[in-house]
Structure formats: structure tokens, C-alpha cells
Amino acid sequence: MRVIVTRQIPERGIEVLQQAGYEVSIWPGTLPPTREELVEFAKGAVGALTLLTERIDAEVLDSLPSLKVVSNMAVGFDNIDVEACTARGVIVCITPDVLTETTADFTWALILSVARRVCEAAAAVHKGQWRTWEPLGFLGRDVAGATLGIVGLGRIGQAVARRASGFGMRIVYTDRARQPREIEEQLRATFLPLDELLTESDIVTLHVPLTPETRKLIGARELARMKPGALLINTARGAVVDTDALVAALRDRRLWGAGLDVTDPEPLPADHPLLRCPNVIVTPHIASASEVTRARMAELAAQNLVAALRGERPPRSLNWDEVHRKG
Ligand code: GLV
């Protein structure tokens, strides 16, 4: 039986698939397959280990009747039409938990880098512009003691909040529902509706999944509510923010800056107006990219795929119960 992997992934993932006895076809390109290439490549395969760059929808599924499992090497799954998968009895799996701490670390890398203009200052040194100690050079914003607004206090949002305690910050959060009191107390996080969170936070960091409800959650109106001089950090999904509105807010210097590991569009073209805005750091969707974490993600994605193909409950599936309830 053949399974496909839509890009070269850490070796551990491939080993798990091979040890389980599958014939493993790895997409040879460094870029993702197009839709047509994906369908052609996956013909006859029973399982697909996919990345967030592959769109798996009803049309793709209907072209691949032998496909039984889609295992995404990501915690996010906005690239997959889960309902369409469930309707066709296709199991969908993801890789939560293993990337939580690494993603939270990177969120902090962006917070500190934007607040203290790290990239801009380092670039000046590379350009030979370091002439003396400047009392007015590269003045930034203090993180210690600031108010941190976390939009989405799930696994990653909570890990970001835990790190904030060392900076003596006030933590406010918003979510679809309040977290249990013990979590709020542990994290010293206060629930606020989004609008209030925006007016009170010095730093707003986004940790919600991309859904129809969160698409463009942060638009012109929300950006206008943010404190003058606040920072926006996004390590969730680019489309949670209205990019044009963000460009306008940064150009007008209403915001201090933005740290974006995800953008809309993604990848961001080098001539995109966002890259000409002051104090913006854009990184290429690398928040989970540590050696250990990417290996764990590959391993878990492969374990999910193998278990589901064997008819066993995978460690992390989104629709195992629904598919089995339908019989
Ligand atoms: C990365 O963005 C992921 O969803 O794992």
C-alpha cells in the first residue's frame, strides 16, 4: 500500500511510515505540488501526509477515491475541508502539543525584536553604520511592565502567557469562551472582550485558528481601537489580519510595529507594501521550526497516519469519532 508525503520532511517521519510497511512516495520538489500535480501524485495512495501548503477539499478528495487518511504536519488545519473529509469517511489528523513551546518561544522572539528594533539595528551594523554610542539611536519600547493582550488563550496562547510572567506584565486575553478560573489564576490572565483588550494592550499577540469567524478578525476598525504605539504580533495565520488595513496603520505610524510570522498572502512577495512599512519584521512561517520540534511533528504526523490506516484511533485526529459514528 502506498502513502504519499507532500515534501521532504524530517527523516523520523519517513522511518515511521517505512517501518509500518508502506511504500512511501515523497514529492521531490522544494515547492509544494500544484493541485493537479497533487492529484496525479496521490492517485492510488491510501494515505497522505500533507503540509499546510496543500489545499485538500471536496474536489481533490473526489479525484482520489482510494485516499483514507489525510495527516497534516501542522496544528492548523484551515487547508483541509474537514467536513468534506468526514462526509467521505476520510480521517483527518494534526500535530498539536509537540509544537506549543517552540511556537511560543518564537512569538517572544518577535515581540522582543519588534519592541527593541533588533533586526533594524543589526542591519545597520552590517551596513557599516555603527559609528558611535548614540543616546537617541534605535530607541524602542519597553516590554517589561507592559500590558500583553493575548487573542486566543489555547495551548500556544497559554505558553506565551507563561513566559510573560518573567517580564512582570499585566496579561489580558480574549477567546470564544472564558478559560476555567484555575487557568486564569495560574496565568494571572484577565478576560476582556476583544474591543477592550485592543484599547488596553501595549502588545497584541494572535493565537486563534483561522476559521470563517476569525478571518480578518483584526481589520481597520480593530486596528483603530489599538493604543497608539502598540505592537501587533501574529504567529497564527495571516488571514486573521486584514493586510491592507495593517499597512495603512503602520504607514500612519498609529502602530509602533508588527512582527508577522504569517501573512496574507503567503508567501509575501518581496515588493509587497508591508515590507516597506516602518518597524515590521516578517519571517517565513517558521515559528515551529526548531530541529527537535519539526522532527516531533513529522513523527506524530506519521504515527497518526499509520494508526488510522490500521483502523486504530490515531493519537491526534479531528474526526475519528464522527467518521466511525457514521459507520
Ligand atoms: C503551523 O503554522 C502549524 O499550524 O503547525
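So, a few notes on the structure that sits alongside this text.

On to the pairing of strand S2 (residues 23-26), then. When a strand is regular, its side chains alternate between the sheet's two faces. Examined bridge by bridge, strand S1 (residues 2-5) and S2 share four bridges and lie parallel to one another. The partner of Ile4 across the bridge, within S2, is Ser25. At this point the chain moves from S1, through helix H1 (residues 11-19), to the parallel S2, and the crossover so formed is right-handed.

Okay, the packing of helix H5 (residues 100-115) against helix H7 (residues 155-164) next. Where H5 meets H7, the closest approach of the two axes is 8 Å, and the angle between their N-to-C directions is 55 degrees. Taken together, the axis directions place H5 and H7 in an arrangement best described as oblique. Taken as a pair, H5 and H7 cross one another with a handedness that is right-handed. Residues Thr100, Glu101, Thr103, Ala104, Asp105, Thr107 and Trp108 of H5 form the contact with H7, whose own contacting residues are Arg155, Ile156, Ala159, Val160, Arg162, Arg163 and Ala164. Broken down by class, the residue content of the contact of H5 with H7 amounts to six nonpolar, three polar and five charged.

What follows is about the pattern of salt bridges. This model, assessed by the stated rule, comprises 21 salt bridges. Measuring nitrogen to oxygen at the nearest pair gives 2.9 Å for the salt bridge that ties Asp78 to Arg237. In this pair, Asp78 is assigned in the loop between strand S4 (69-72) and helix H4 (82-87) and Arg237 in the loop between strand S10 (230-234) and helix H11 (243-251), connecting sequence segments 159 residues apart. Salt bridges here are not isolated pairs; linked through shared partners, they connect Glu101, Asp105, Arg162 and Arg163.

Right, let's get into empty space enclosed by the protein. Under the defined criterion, the tally for this structure stands at two cavities of 30 Å³ or more. In this structure, the largest cavity encloses a volume near 50 Å³. Residues of the lining of the largest cavity, tallied by class, amount to five nonpolar, four polar and one charged. The space that makes up the second largest cavity amounts to roughly 30 Å³. Lining the second largest cavity are Ile4, Leu38, Ala42, Ala48, Thr50, Ile56, Val60, Leu64 and Leu67. Those elements that provide at least two residues to the lining of the second largest cavity are helix H2 (35-42) and strand S3 (47-50).

With that settled, consider unusual backbone geometry. Here Asp264 and Pro265 are connected by a cis peptide whose omega angle stands at 10 degrees. By the element assignment, Pro265 lies in the loop between strand S11 (255-260) and strand S12 (280-282). Note that the residue after Glu266, namely Pro267, is joined by a cis bond; omega there is 0 degrees. As for its placement among the helices and strands, Pro267 is situated in the loop between S11 and S12. For Asp97, which is not glycine, the phi torsion reads 70 degrees and is therefore positive. Here Asp97 shows up in the loop between strand S5 (91-93) and H5. Even without glycine at this site, Asn279 takes up a positive phi of about 55 degrees. Counting through the fold element by element, Asn279 comes out in the loop between S11 and S12. For Asn279, a relative accessible area of 14% gives the class buried.

Calculation rules
- Residues numbered from 1 in each chain as written.
- Predicted model: local features only at pLDDT ≥ 70, side-chain atom pairs only at ≥ 80, totals over all residues.
- Heavy atoms only, no water.
- Pairing = 2+ DSSP bridges.
- Helix = DSSP H or I, 4+ residues; strand = E, 2+ residues; numbered from the N terminus.
- Right-handed = clockwise from strand over helix to strand, strands pointing away.
- Axes fitted to C-alpha atoms, helices over the stretch in contact; angles between N-to-C directions.
- Parallel < 35°, antiparallel > 145°, perpendicular 65-115°, else oblique.
- Left-handed = near helix turned anticlockwise from the far one by under 90°.
- Contact = heavy atoms within 4.5 Å.
- Nonpolar A, V, L, I, M, F, W, Y, C, P; charged D, E, K, R; others polar.
- Salt bridge = Lys/Arg side-chain N within 4 Å of Asp/Glu carboxyl O.
- 1 Å grid on protein atoms, 1.4 Å probe; cavity = no way out; pocket = protein on both sides within 12 Å on 5 of 7 lines; lining within 4 Å.
- Points joined across faces, edges and corners; volume = space filled by probe spheres on them.
- Buried < 20%, exposed > 50% of the residue type's maximum accessible area, 1.4 Å probe, protein only.

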